[in-house]
Amino acid sequence: MQIPAPAAARPGGGFSYKWVVAMVVIFGLFMTVLDGTIVNVAIPRLQNAFGANLNSVQWVLTGYTLAQGVATPLTAFLSDRIGTKRFYLLSLLGFTVGSLLCGFALNLPMLIFFRVLQGATGAFLSPLAITMLYHEFPRRERGTAMGVLGIPILLAPAFGPTLGGYIVTFANWPLIFFINVPIGIAGLIMGAIFLHEAPTLSGIKFDLPGFILSATGLATLLYGLSDASTDGWGSSTVLGFLAVGTILLIAFVILELRIARNGGQPLLDLRVFGIGTFTSSNIASILVIFALYGGLFLVPVYLQNIRGLSAYQSGLLLLPQAFASMLAIVVGGRLVDRLGVRAVVIPGLIILAISLFQFTNLNLTIPYTNFQLLLILRGLGIGLCLQPLTVSSLVDVKPKSLGQATAVNTTLRFVMSSLAVSTIATLVQSQTKVHYDHLAELVTPSSKLGQLIPLLQGAFMQHGASQAAAYTAALEEISGLLQRQGAVLAMQDAFWLTLVLAIAAIIASMFVGGRKKPEQIEEIPMTEAEKEEQQKALEEAAMAI
């Protein structure tokens, strides 16, 4: 991968330029992270706006994150061919235009399509931002560089749900997408004026078969999971899509391994899974991500559809959880330096498991204060887990494999977030029907409660039309209550699933690296050639994150 020269070694660089780069890329990164959280709280509003069920609307989130997972491995290839600056500006332009089109969507399929466009273009902004900062900041200041990037990464999730809730409550849902447009335009102007271009490379081979297999395999698998909520898990359509998706992904793995063994350029070098700590850390990480995104999707639905809060009220309720995660990330990073990865991750997973166990008892009347405390506990647990697991996954990776390892790590995060939303939405929708049917049996004519209904109806009819209307309203209230209770029981099932996965993550975390961060391990002297190889690997790793 071709990279620009360090700032200190070229004209126009210098101390000030690196901070200019930092300010420019913050715009793009803040916008993509904000968009990933601001939409969650609007899901119930989108259901009403388009008259769609939960399983259909979840594709607004799933399509976005799936597109990110599919597109991320293309970053290095396209950057080399187009140039870092031009590619960054094109990505930012694509995301901004995609945001504008989302706001003008006339129906749900159009919105999902434009969200896919958003995700596919926005996927490049984060790795490109990190790459440019890594090239401009000397190695000794890269911690500062990542701290700069931490500003949008931490602030956007904190304010996204509240801002999104305010918009959909007091304005209209298209504004949650239009808000990206002025930010994107400002970022484009600053990037065009201030960023420097890097040389391009020609003759780079692209793994087109691998890209086609991975994209079609993931899309087919996710569609099968989504369709299960309407057709049932035993449906030939569902089983067919799941089988085809699985076969395509197996073929992708075989192809990538074959290309890597023959010395080619695979889309993803899957040989990194031969490293024990990498594999165990990523297993734990994707299980935590499942719990994270499953909760991000479910909680706004519970608060708005079940408890009747406005989007703004639910966003305010989610705010302390975001700050708890911020605090845990900061404290957890320092604790990893002192105590090692396992000593931080395992307690964090235990905290997460405790909160998820409490969520399995979710009901229609839990006090909001208690609910918020559970969210804060969950936020603390997740904050202590994710970043240290990313660190531990790369501890034993050799410098020459660092770029591919981080590419695989990033792709797994995006793909698992898509699978989490799709699976949770399917589970909740299908289980809501099951629980509702079971609860409805309580009022069938053969039940004791059902035998009272004709007597009550006769008594109401004797007192005139107004009493009959009251009877009808009472039946509608009972039906609505049964529907809400069925949905809550289905959410309990979803939290049971995430609890089991959190426990599995605890087991996987017992095998992660227990050492401190590599920077604190005593360094073995390297030759000049090894130093150059390590520097190149770090630059490739930055591109892949």
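Look a little higher up for the structure.
Residues numbered from 1 in each chain as written. Predicted model: local features only at pLDDT ≥ 70, side-chain atom pairs only at ≥ 80, totals over all residues. Heavy atoms only, no water.

Asker: Provide a residue-level description of the environment of alanine 186, including the pertinent values.
Answerer: Relative to the helices and strands, alanine 186 resides in helix α11 (residues 180-194). We classify alanine 186 as partly exposed; its relative accessible area is 25%. Note: C-alpha distance between alanine 186 and valine 24 (162 residues apart in sequence) is 8.9 Å. (Helix = DSSP H or I, 4+ residues; strand = E, 2+ residues; numbered from the N terminus. Buried < 20%, exposed > 50% of the residue type's maximum accessible area, 1.4 Å probe, protein only.)

Asker: Give me the lowdown on the nonpolar core, citing residues and values where you can.
Answerer: In this structure, Leu111, Phe297, Tyr302 and Phe371 are the most contacted members of the largest nonpolar core, which totals 94 residues. Top contributing element to this core by residue count: helix α14 (residues 276-306), with 15 residues. Not counting residues within four places of it along the chain, the set of residues in contact with phenylalanine 371 comprises Val299, Tyr302, Leu303, Leu317, Phe359, Leu362 and Ile366. With 35 residues, the next largest nonpolar core counts Met132, Leu195, Leu268 and Ala405 among its residues. (Core = buried A, V, L, I, M, F, W, Y, C linked by side-chain atoms within 4.5 Å. Contact = heavy atoms within 4.5 Å.)

Asker: An account of helix α7 (residues 108-122) is requested, with residue identities and associated values reported.
Answerer: Its 15 residues place the ends of α7 20 Å apart at the C-alpha level, agreeing with the 21 Å of an ideal helix rising 1.5 Å per residue. Of the positions making up α7, those classed as buried are Leu108, Leu111, Ile112, Phe114, Arg115, Gln118, Gly119, Thr121 and Gly122. Residue asparagine 107 occupies the N-cap position of α7, its side-chain oxygen lying 2.9 Å from the main-chain nitrogen of methionine 110. (Expected span 1.5 Å × (residues − 1). Polar contact = N/O pair within 3.5 Å; in protein donor to acceptor, adjacent residues only side chain to side chain.)

Asker: Hey, could you go over the side chain of threonine 423 for me, with residue numbers and the actual values?
Answerer: Here threonine 423 lies in helix α18 (residues 402-440). In contact with threonine 423, not counting residues within four places along its chain, are Leu225, Phe290 and Leu497.

Asker: Now, about the packing of aromatic side chains: what can you tell me, with residues and values included?
Answerer: For the coordinates displayed, the defined rule picks out 14 aromatic pairs. When the centroid spacing of 5.6 Å and the interplanar angle of 65° are considered together, the rings of phenylalanine 113 and phenylalanine 114 count as edge-to-face. What makes phenylalanine 113 exposed here is its relative accessible area of 55%. Looking at phenylalanine 114, the relative accessible area reads 13%, which means it is buried. (Phe/Tyr/Trp six-rings, centres within 6.5 Å; stacked < 30°, edge-to-face > 60°.)

Any link to function would need more than the numbers given here.
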